[in-house]
Amino acid sequence: MSTITLLSQHRDKQNKGKEKSPLLSIIIPMYNEELVIEECHKRVCAVLDGLNEHCEIIYVDDGSSDSSVKLASSFSSEYHQIVTICLSRNFGKEAAMSAGLQAAKGQAVILIDADLQDPPELIPAMVNEWKQGFDVVDMQRHKRHGESWFKRITAAAFYKLINSMSDIPIPQNVGDFRLIDRRVVDEINKLPERTRFMKGLFAWPGFRRTTLQFDRDARQAGETKWNYTKLVHLAFEGITSFSTRPLRLATAAGLFTSLAAIIMAAVVFTKTIIWGDPVAGYPSTIMIVLLLGGVQLLSIGLMGEYVGRLFIEAKQRPLFVVMDQTIKNATANVTMN
Ligand code: UDP
Ligand code: MG
């Protein structure tokens, strides 16, 4: 019997007595998604109905100003529980996902975008891998439809940079679409940090992981909330919350420039003593002053990034504020597996 099967059986035993918790919690963060949310609900429900198990669908509204909340509150399902959580303003997708993860009761959680870029039809395949004993099923984007070559290149560069700096490997081309077992969700919920680089937080607990490939669809309707300022912000957040290597680089740059200055001073000194050469003019001085100034400013900026994060963490503000929460039970009184 394989280790994975044994682990799966162990997990089944652990889950006994927790029969009331739904099999899956589907977490859908949404921010101004009125154009797609109904289609999303239909597709998710159709897939869940096919599983023949009680599930819950959690819509986390991240301060939408359109009719997304109204639509989500009108949703119901014959077999599944619908939870709607409204945050008091737009806190960002990371905070919305954290709110969903904290509210989720399921034995496993699946995070999925409202814009249908992550096809809900892949849920059964993910559940299948989970039932084989894997604790995290990462969904890796094989093809990215509807995304410009520039976004693809910058995304690839982003993963390279993060992985060269981060102390734990962060899987490439894996977004937030994934299945996470209850044990891992509990560990992620314990992480107290306010600067939440989710790709890193999901990778941090470890556990048994597997990766499935999928073709990422284009957005069904509406507009992406993504832009390049956000990418740069995300890159900084990822690097500074998962590694202190940039600080070490600054130290190395300082050491290197000091060493170079000592060697140069020795050369100039010897030349003047032995050959009586006049000391070379100001261009070299300016160059060195500028170089040192640049290295110093860069190092101070880097330190500032970390100090800024310490400042944010020290304030201990909550990650999000819940304004409303509604729970709608399944409308049909049927017993499922
Ligand atoms: N989203 C959110 N809060 C935000 C921005 C986005 O909850 O501040 C949600 C959005 O509604 C969608 C998901 O996060 O369900 C992914 O957003 P988007 O499609 O804009 O990102 P992309 O897929 O382009 O990276
Ligand atoms: Mg999208």
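These numbers were taken from a predicted model, which means no experiment stands behind them. (Residues numbered from 1 in each chain as written. Chains lettered and ligands numbered in written order. Predicted model: local features only at pLDDT ≥ 70, side-chain atom pairs only at ≥ 80, totals over all residues.)

Draft legend 1. Geometry of the overall build of the chain. Counting secondary structure elements, the chain contains 11 helices and 8 strands. Within the chain, counting contacts between residues at least 6 apart in sequence, those at least 24 apart form 87% of the total. (Helix = DSSP H or I, 4+ residues; strand = E, 2+ residues; numbered from the N terminus. Contact = placed C-beta atoms within 7 Å.)

Draft legend 2. Fine view of the site of ligand 1. Taken together, 17 residues surround ligand 1, and among them P29, Y31, A114, T224 and K225 come closest. Mapped by element, the contributors of at least two residues to the shell around ligand 1 are strand 1 (24–30) and helix 4 (93–103). (Near = placed C-beta within 6 Å.)

Draft legend 3. Representation of the packing of helix 6 (residues 149–165) against helix 9 (residues 228–242) in the model. Contact geometry for helix 6 and helix 9: axes closest at 9 Å, N-to-C directions at 15°. By the angle class used here, helix 6 and helix 9 are roughly parallel. Between helix 6 and helix 9 the crossing geometry is right-handed. Note on element contacts: helix 9 touches helix 6 through L231, A235, G238 and I239, opposite T154, F158, L161, I162 and M165. Across the contact of helix 6 with helix 9, the residue classes tally to 7 nonpolar, 2 polar and no charged. (Axes fitted to C-alpha atoms, helices over the stretch in contact; angles between N-to-C directions. Parallel < 35°, antiparallel > 145°, perpendicular 65-115°, else oblique. Left-handed = near helix turned anticlockwise from the far one by under 90°. Nonpolar A, V, L, I, M, F, W, Y, C, P; charged D, E, K, R; others polar.)

Draft legend 4. Geometry of the domain arrangement of the chain. Considered domain by domain, the chain is made up of domain 1 (24–242) and domain 2 (244–315). Centre-to-centre separation of domain 1 and domain 2, based on C-alpha positions: 43 Å. Listed as interface residues are 8 residues of domain 1 and, on the opposing side, 7 residues of domain 2. Per-element accounting of the side of domain 1 that touches domain 2 gives the leading share, 4 residues, to helix 9. A breakdown of the residues in the side of domain 1 that touches domain 2 according to their chemical character gives 3 nonpolar, 3 polar and 2 charged. (Domains from an automatic or database assignment.)

Draft legend 5. Focus on the pairing of strand 2 (residues 55–61). The buried fraction of strand 2 amounts to 7 of the 7 residues, a majority that puts the element mostly inside the structure. Of the two faces of strand 2, the one carrying C55, I57, Y59 and D61 and the one carrying E56, I58 and V60 are both buried. Inspection of the sheet shows strand 1 paired to strand 2 by 7 bridges, in the parallel sense. Looking at the pairing, S25 lines up with E56 of strand 2. (Buried ≥ 20, exposed ≤ 12 C-beta atoms within 10 Å, placed from the backbone. Pairing = 2+ DSSP bridges.)

Draft legend 6. Quick look at the environment of Q296. Its location among the elements puts Q296 in helix 11 (residues 282–315). With 14 C-beta atoms counted inside 10 Å, the residue Q296 sits in the partly exposed group. Taking the C-alpha atoms as reference points, Q296 and T84, 212 residues apart in sequence, are found 50 Å from one another.

Draft legend 7. Representation of the packing of helix 2 (residues 37–51) against helix 5 (residues 123–131) within the structure. Following both chains from N to C, one finds helix 2 and helix 5 inclined at 40°, their axes separated by 10 Å at the closest point. By the angle between their axes, helix 2 is oblique relative to helix 5. Residues V47, G50 and L51 of helix 2 form the contact with helix 5, whose own contacting residues are I123, P124 and V127.

Draft legend 8. Quick peek at the UniProt feature "transmembrane region" (unreviewed entry) in the chain. With numbering matched to this structure, UniProt assigns "transmembrane region" (unreviewed entry) to residues 249–274 and 286–307. Spanning residues 249–274, this segment combines 100% helix with 0% strand, and its end C-alpha atoms are found 37 Å apart. Here residues 286–307 is 100% helix and 0% strand, with 31 Å between the C-alpha atoms at its ends. (UniProt positions renumbered as here; feature names shortened; annotations may be inferred.)

Draft legend 9. Seen up close, the environment of T272. Residue placement: T272 occurs in helix 10 (residues 245–275). T272 gets classed as exposed once you count the C-beta atoms within 10 Å, which come to 12. Considering only alpha carbons, one finds T272 and A156, 116 residues apart in sequence, at a separation of 52 Å.

Draft legend 10. How the structure looks around unusual backbone geometry. Phi is positive for L116, close to 65°, though the residue is something other than glycine. Here L116 lies in the loop between strand 4 (108–111) and helix 5. On the basis of neighbour count, L116 is assigned to the buried category, with 20 C-beta atoms found within 10 Å. At Q316, a position not held by glycine, the phi torsion is positive, near 55°. The topology assignment puts Q316 in the loop between helix 11 and strand 8 (322–328).

Draft legend 11. Seen up close, helix 5. Looking at helix 5, one finds that the buried residues are I123, M126, V127, E129 and W130. One side of helix 5 holds all its buried residues, which, seen down the axis, span an arc of 160°. In helix 5, the exposed residues that point more than 90 degrees away from the buried face are P124 and K131. At the C-terminal side of helix 5, G133 shows a positive phi close to 120°. (Arc of directions from axis to C-beta.)

Draft legend 12. Fine view of the nonpolar core. With 61 residues, the main nonpolar core has I26, I27, I28, I58, V60, V109 and I110 as its most contacted residues. If near-sequence neighbours (up to four positions away) are discounted, I28 is found in contact with C40, I57, I58, Y59, I112 and A114. (Core = buried A, V, L, I, M, F, W, Y, C linked by C-beta atoms within 7 Å.)

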